[in-house]
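Chain by chain, the residues:
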Amino acid sequence: MIYRPIGATGMSAGIIGLGAEHLDNKPCTTVEEVIHTALDHGVNIIDVFMPGQEVRQNIGRALAGRRDKVLIQGHICSTDINQQYDISRDLPTIKKYFENLLRDLKTDYIDFGMLFFIDTEKHFAEVFEGDALPYALELKQKGHVRAFGASSHNPVIARKIVETGLVDLLMFSLNPAFDMASADTYVLDYLAKEKAMDYEKKRDPDRAVLYRICEQRGVAITVMKALGAGKLISPQHTPFTRPLTVTQCIHYALTRPAVVSVLPGCCTREQMLNVLYYLEAGEDEKDYSAVLRDYQGSMKGSCVYCNHCQPCPVAINIADVIKYLDIASLDKNNIPPSVLSHYRTLEYSADTCTACGSCEERCPFSVPVIAKMQEAASLFGKSSQC
C-alpha cells in the first residue's frame, strides 16, 4: 500500500480505501470478510455514512481489536428518519445518530467528523449557520472527533466549504465523466441518462479549480463514485465509446490534485481484491488517456496528468511539473510553501527542458508542454535538486 498525508492532520491514508455503503443489508460474516481483506492488504480508511444500526454494529464487530489501525469517516447529519436514509439538520436528531455511531462501532472517537451532504446553498447555510457546526466543534473539543471533513457532489459548494478554512478533508464525487459535467448538473443522476445524451466534451473548469484549491489550502480529497456507480466500467452504460477498467478509474482519481484516497464500495472479498489489484497493475493498465481522447473536445490543450508524454529524454516528470504549475497559477503571488517544496524535490525541474518536442508529439490532448515548462521554470526557479 502507498500512503499519502492528509493535510496538516498528522494522519495518512492508503491510496485505496473502502466505502462501506454496499455492506448494508449484508450478513455479519460478509462484512467481516470484506473489511478483514481490506485491512490485511493495508487499507486504513473506511467511510461509514450509513445510519442503519445493524450495518454499523457489523462494522464495529469487524473492527474489533483493529480499531487503531483504521481511519473512520463518520458523518454528522446522516439519519434514517422513517427507516430510510435521510439528512437532518435538527440538533437532537443529529446528536442521536452520531452518538449511536460511536456506540455501534464500539469506539469513543471518529477520526473525521464529516459534515454530511452539502450540495446546495441551502445545505451550506443549514450546516454552517445552524446547529450542526457548533455541535461538530464541541465533538472535537471533547475528543470525539479528531478532524473535520465534509461531503459534497457540487464543485461550487465544495469550494465554498473548503474556503471556510474549517475542514481538513473533502469527500467528493470524482471520475472522468463527472469532471466533464457542468457544476449545475446533478451528477448523481448524470449517468442515468441515455448514452445518446448531449455529452459535454470538456473538463468542467469549476471541478479543475476545486482540486487545485484543495491542494493549495492543504485540504485532502477522498473520492466517492470513482466508478460512477459501476456505469463507467459497464459496456452497456458507459457514456464513453468504451468502458474504463476499475484500475483506470482509480488511477484517474489518484492523478487529480489533492486526492489522497479512492474509496470504492465493495460488498464481496472478490470485489475488494479487484480494487486492490491497482497496486500491482502496470502503467499500461492504468493508462486512461485513450478513452478520454475519444471525448477530447475542448479538453484540447488541457493536461489531464496521464503521463502519456513520457519518457522525457532528460527525465522531467512532466505531469507533476504541470500539476504544480496549475496549482500555483491560482495565485502566483502567494504560492503555497508545500507546492514549492514538492516542486523542489523533483529530481529534474522544468528549467532542464531542452524543448525537443517529443512530449508534444505523444500528448493525446495537444498540451503545449514546452511553453508550460518555460512558464514553470520562470515561476518556480531552479530546483535545488539539479
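The following refers to the structure shown. These numbers were taken from a predicted model, which means no experiment stands behind them.

## Regarding the overall build of the protein chain
Broken down by element type, the protein chain carries 16 helices and twelve strands. Buried residues in the protein chain amount to 55% of all 386 residues. Here the contacts in the protein chain between residues at least 6 apart in sequence split such that 74% fall between residues at least 24 apart.

## Focus on the nonpolar core
Soluble, globular proteins show a tendency: their nonpolar side chains are buried together. By size, the foremost hydrophobic cluster in this structure holds 83 residues, and its most contacted members are Ile35, Ile59 and Met272. Per element, the largest residue contribution to this core is six residues, and it comes from helix H9 (residues 246-254). If we skip the residues at most four places from it in the chain, methionine 272 touches Ile16, Gly17, Leu18, Val34, Thr37, Ala38, Val43 and Cys266.

## Examining the sheet that holds strand S4 (residues 45-48)
Strand order in the open sheet made by the eight strands is S3-S4-S5-S8-S9-S10-S11-S12, with parallel pairing throughout. Looking at the sheet topology across the chains shown, the edges are occupied by strand S3 (18-19) and strand S12 (259-262). Pairing of strand S5 (residues 71-76) with strand S8 (residues 110-115), which is carried by four bridges, proceeds in the parallel orientation. Following the sheet pairing, histidine 75 is matched in S8 by methionine 114. Strands in contact with helix H3 (residues 91-105) are S4, S5, S8 and strand S9 (145-152); relative to S5, the strand with the most contacts, it is inclined by about 155°.

## Some details on empty space enclosed by the protein
Per the counting criterion, the structure on display carries four cavities of 30 Å³ or more. The volume enclosed by the second largest cavity comes to roughly 80 Å³. What lines the second largest cavity is simply Cys312, Pro313, Val314, Ile316, Ile318, Cys353, Thr354, Cys356, Ser358, Cys359, Val369 and Met373. Of all the secondary-structure elements, those providing two or more residues to the lining of the second largest cavity are helix H15 (358-362) and helix H16 (369-380). For the lining of the second largest cavity, the residue count by class is ten nonpolar, two polar and no charged.

## Quick word on the side chain of arginine 67
One can find arginine 67 in the loop between helix H2 (53-62) and S5. Arginine 67 sits in the buried class, given a relative accessible area of 12%. Polar side-chain contacts of arginine 67 include one of 3.2 Å to the side chain of threonine 107. Setting aside residues no more than four positions away along its own chain, arginine 67 makes contact with Ile72, Thr107, Tyr109, Ile110 and Asp111.

## Comments concerning the pairing of strand S11 (residues 220-224)
Burial runs high along S11: five of the five residues are buried. Taking every second residue as pointing to the same face, both faces of S11 are buried, with Ala220, Thr222 and Met224 on one and Ile221 and Val223 on the other. Strand direction decides the pairing type here: S11 and S12, joined by three bridges, are parallel. Along S12, the bridge assignment pairs threonine 222 with serine 261.

## Some words on the pattern of salt bridges
This model, assessed by the stated rule, comprises twelve salt bridges. The salt bridge involving arginine 67 is made with aspartate 111; its shortest N-O contact spans 3.0 Å. With arginine 67 in the loop between H2 and S5 and aspartate 111 in strand S8, the pair connects residues that are 44 residues apart, well separated along the chain. Aspartate 111 matches arginine 67 in its accessibility class, with the two residues each being buried. One connected set of salt bridges, linked through shared partners, spans Arg67, Asp111 and Arg146.

## A look at helix H6 (residues 155-162)
Of the positions making up H6, those classed as buried are Pro155, Ile157, Ala158, Ile161 and Val162. Down the axis of H6, the smallest arc covering the buried residues is 160°, so these residues share one side. Summarising the contacts, the buried residues of H6 are in contact with helix H4 (121-128), S9, strand S10 (169-173) and helix H8 (205-217). The backbone nitrogen of valine 156 has a side-chain oxygen 2.9 Å away, supplied by the residue at the start of H6, namely asparagine 154.

About the criteria used
- Residues numbered from 1 in each chain as written.
- Predicted model: local features only at pLDDT ≥ 70, side-chain atom pairs only at ≥ 80, totals over all residues.
- Heavy atoms only, no water.
- Helix = DSSP H or I, 4+ residues; strand = E, 2+ residues; numbered from the N terminus.
- Buried < 20%, exposed > 50% of the residue type's maximum accessible area, 1.4 Å probe, protein only.
- Contact = heavy atoms within 4.5 Å.
- Core = buried A, V, L, I, M, F, W, Y, C linked by side-chain atoms within 4.5 Å.
- Pairing = 2+ DSSP bridges.
- Axes fitted to C-alpha atoms, helices over the stretch in contact; angles between N-to-C directions.
- 1 Å grid on protein atoms, 1.4 Å probe; cavity = no way out; pocket = protein on both sides within 12 Å on 5 of 7 lines; lining within 4 Å.
- Points joined across faces, edges and corners; volume = space filled by probe spheres on them.
- Nonpolar A, V, L, I, M, F, W, Y, C, P; charged D, E, K, R; others polar.
- Polar contact = N/O pair within 3.5 Å; in protein donor to acceptor, adjacent residues only side chain to side chain.
- Salt bridge = Lys/Arg side-chain N within 4 Å of Asp/Glu carboxyl O.
- Arc of directions from axis to C-beta.

The values are spatial; any link to function lies outside them.
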